[in-house]
Amino acid sequence: MFNKIKKLSQKKFNKSDQHNQDNTSTNTNVVRSSRTTPTTASPLPNGESQTPAPSPSQTPNHPMFTSTPTLEVLPLLKDVSSSDRPLLFIKKAHMCSCQCDFSDTLIMPREKEIKRQTLLELVDFLHSSSGKVNETMQSELIRMVSANIFRSLPPAHYENTGAPPEGNDPEEEEPYLEPWWPHLQLVYELLLRYVVSSEIEPKTAKKFINHTFVSRLLDLFDSEDPREREYLKTVLHRIYGKFIFHRPFIRCSVYNIFYKFLYETERCIGIGELLEILGSVINGFTVPMREEHRLYLVKAIMPLHKSKSISVYHQQLSYCVVQFVEKDYKLADTVIRGLLKYWPLTNCNKEVLFLGELEEVLDVTEPSEFQHCVVPLFTQIGKCLNSAHFQVAERALFLWNNEHIVGLIAENKDVIFPIIFEALEKNMKGHWNQAVHGLSENVRRMFMEMDNDLFEECEKQYQENEAKTWELLEQREMTWKRLEEAASLVAN
């Protein structure tokens with residue numbers, strides 16, 4: 001009896017030792033690229049990532065999973081019986097986890113084509129719903145997707161050239177295109193079909209589409225390939241819509257990416273796509289809006305206006321800001337004061353963008369909220385009217401083409417006229433651009449038609465101020481003359 005127990009324990013020890021050796025071989029560490037990558041994935045030398053070893057409950061008990069997957073021609077799913085399809089599906093998904101070398105088109109051409117055809121077949125299988133995808137099939141499918149898309153991203157353009165990141169203009173750079181996109185696109189399409197499939201229950205899928213998976217998806221928004229970011233945007237939006245329990249985590253993770261962009265990396269890749277997702281999310285917020293959402297507006301979204309590369313994502317940012325005001329009109333004052341806080345001082349292109357966004361915000365602003373910020377707002381607009389850059393002055397004058405804004409101005413004309421009148425007069429007397437001169441004259445005429453008495457009062461006040469200004473100048477000149485005469489007398 002003792003000998004039997006000894007033999008059994010020896011067998012268990014050998015199996016455990018072999019299992020530990022296998023794990024050690026699969027967890028080999030290699031040098032990462034300079035780009036930040038998810039900490040849960042170990043990159044391979046060819047720029048791809050390994051996936052963690054599955055638990056015994058998730059790994060099918062089949063001899064084909066005991067070795068590295070190889071690419072071979074397998075029967076079509078539609079040609080086998082329904083009882084054999086699950087196992088064949090698992091084998092095909094496992095086979096597609098095999099990585100191909102895309103550094104040279106002449107390397108492994110047959111294997112690449114086999115993988116591409118297999119991925120196309122898996123996409124059609126999920127799309128046609130010809131068979132139900134059980135839990136084991138889903139597990140292997142997500143393992144395959146993870147093995148393909150979670151990888152070490154190549155270094156950024158400025159890291160290769162040595163140029164400083166703050167000097168980079170993303171609009172002028174040629175976008176980086178993944179060489180193995182023909183396969184990667186099919187993997188993303190397969191993931192999208194899986195997420196949107198009505199046959200997949202969220203309760204089952206959440207075992208595989210968990211917080212770790214979502215977090216690694218968000219890390220991929222740093223990809224420089226715009227095609228990949230477009231797929232990521234669609235997939236993440238679908239996950240947000242289907243998996244309700246992931247929504248708070250996704251929102252918080254997106255805001256954290258904004259914080260990292262603002263205070264650490266200053267790399268704007270993927271910010272536009274994330275703002276597009278956030279725009280749809282804001283549109284679904286309930287009213288009255290929770291304090292959490294108001295806080296993120298002030299702490300995470302409005303600070304995005306201070307970035308030098310705002311032109312890359314300003315359209316999406318402006319949409320999100322307007323959505324907040326449309327959802328809760330009381331946020332108009334917060335948004336307008338936030339714009340004034342981050343208003344550019346020396347960047348005229350940014351100033352034009354801000355004026356365009358300001359018009360969109362004012363277009364949905366209620367009169368009660370407009371009154372709270374009218375003085376600082378039109379003080380800044382007055383400065384824009386006198387800008388030497390004609391596009392800034394012109395864009396500020398275009399605000400009077402908006403009927404809603406003109407209505408708001410008419411209701412607060414007693415406060416606005418004295419602030420704006422001097423700027424209009426200066427434009428008509430001395431601005432170098434004829435278009436700005438004409439637009440200023442039109443706005444001045446509009447003020448006159450609104451309230452002629454107030455207009456005349458403002459004109460009188462302006463003339464008095466001008467007279468005082470000239471008087472001060474004359475006194476200053478006389479003082480300098482007396483000083484010069486006194487200095488000459490002392491010198492003589």
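This one's a predicted model, so the numbers in the text were calculated from it and none came from an experiment. (Residues numbered from 1 in each chain as written. Predicted model: local features only at pLDDT ≥ 70, side-chain atom pairs only at ≥ 80, totals over all residues. Heavy atoms only, no water.)

A. View of the overall build of the protein. Scanning the protein from terminus to terminus reveals 22 helices and two strands. Within the protein, the proportion of its 492 residues that are buried is 43%. Long-range contacts, defined as pairs at least 24 residues apart, comprise 73% of the intrachain contacts of the protein with a sequence gap of at least 6. Total accessible area computed for the protein in this model is approximately 26500 Å², and 53% of it derives from carbon and sulfur atoms. (Helix = DSSP H or I, 4+ residues; strand = E, 2+ residues; numbered from the N terminus. Buried < 20%, exposed > 50% of the residue type's maximum accessible area, 1.4 Å probe, protein only. Contact = heavy atoms within 4.5 Å. Areas by Shrake-Rupley, 256 points an atom, 1.4 Å probe, with all protein chains shown as cover.)

B. Examining the pattern of salt bridges more closely. Counted according to the given criterion, the structure contains 21 salt bridges. Close ionic contact of Arg 294 with Asp 328 constitutes a salt bridge, the shortest N to O distance being 2.3 Å. Of this pair, Arg 294 sits in helix H12 (residues 291-301) while Asp 328 sits in the loop between helix H13 (314-327) and helix H14 (332-341); the two residues are 34 residues apart in sequence, bridging distant segments of the chain. The exposure class assigned to Arg 294 is partly exposed, which follows from its relative accessible area of 22%. Residue Asp 328 is classed as buried on the basis of its relative accessible area, which comes to 8%. In this structure, a network of salt bridges that share partners links the residues Arg 151, Glu 178 and Glu 228. (Salt bridge = Lys/Arg side-chain N within 4 Å of Asp/Glu carboxyl O.)

C. Spotlight on the packing of aromatic side chains. Overall, the coordinates contain 18 aromatic pairs when judged by the stated rule. Pairing Tyr 188 with Tyr 231 gives two aromatic rings, centres 6.0 Å apart and planes at 25°, and the pair type is stacked. A residue pair is termed long-range when its members are at least 10 positions apart, and Tyr 188 in helix H6 (residues 181-196) and Tyr 231 in helix H9 (residues 226-242) qualify at 43 residues. Given a relative accessible area of 0%, Tyr 188 falls into the buried group. Classification of Tyr 231 by relative accessible area gives buried; the value is 17%. Ring geometry for Trp 400 and Phe 447: centres 6.2 Å apart, planes at 80°, overall edge-to-face. One end of the pair, Trp 400, is in the loop between helix H18 (390-397) and helix H19 (403-411); the other, Phe 447, is in helix H21 (residues 434-450), and 47 residues separate them in sequence. Across this residue pair, the class does not change: Trp 400 and Phe 447 are buried. (Phe/Tyr/Trp six-rings, centres within 6.5 Å; stacked < 30°, edge-to-face > 60°.)

D. Layout of H13. For H13, with 14 residues, the first-to-last C-alpha span of 20 Å sits near the 20 Å given by 1.5 Å per residue. Burial analysis of H13 places 10 of its 14 residues in the buried class, which makes it a mostly covered element. Looking at the packing, one finds that the buried side of H13 touches helix H11 (271-283), H12, H14 and helix H15 (348-363). (Expected span 1.5 Å × (residues − 1).)

E. Focus on H18. Of all the residues in H18, the buried ones are Val 392, Ala 393, Glu 394, Ala 396 and Leu 397. Its buried side turned inward, H18 meets H15, helix H17 (374-385), helix H20 (413-430) and H21.

F. Region of the structure containing empty space enclosed by the protein. This model, assessed by the stated rule, comprises three cavities of 30 Å³ or more. For the lining of the second largest cavity, the elements supplying multiple residues, two or more each, are helix H10 (247-265) and H11. Counting residues per element, the lining of the second largest cavity draws most heavily on H11, which supplies four residues. Partitioned by chemical class, the residues of the lining of the second largest cavity number seven nonpolar, no polar and one charged. (1 Å grid on protein atoms, 1.4 Å probe; cavity = no way out; pocket = protein on both sides within 12 Å on 5 of 7 lines; lining within 4 Å. Points joined across faces, edges and corners; volume = space filled by probe spheres on them. Nonpolar A, V, L, I, M, F, W, Y, C, P; charged D, E, K, R; others polar.)

G. Molecular detail of the nonpolar core. Counting 130 residues, the largest nonpolar core has Ile 149, Leu 191, Tyr 194, Leu 217, Phe 378 and Trp 400 as its most contacted members. Among the elements that line this core, the one with the most residues is H6, at 10 residues. Contact partners of Phe 378, with chain neighbours within four places excluded, come to Phe 370, Trp 400, Ile 409, Ile 416, Ile 419 and Ile 420. (Core = buried A, V, L, I, M, F, W, Y, C linked by side-chain atoms within 4.5 Å.)

H. Main features of the confidence of the model for the protein. Averaged over every residue, the pLDDT of the protein is 83; residues scoring 70 or more account for 81%. This model gives residues 4-67 a pLDDT under 50, and the stretch forms 81 contacts once residues within four places in sequence are excluded. (pLDDT = per-residue confidence, 0-100.)

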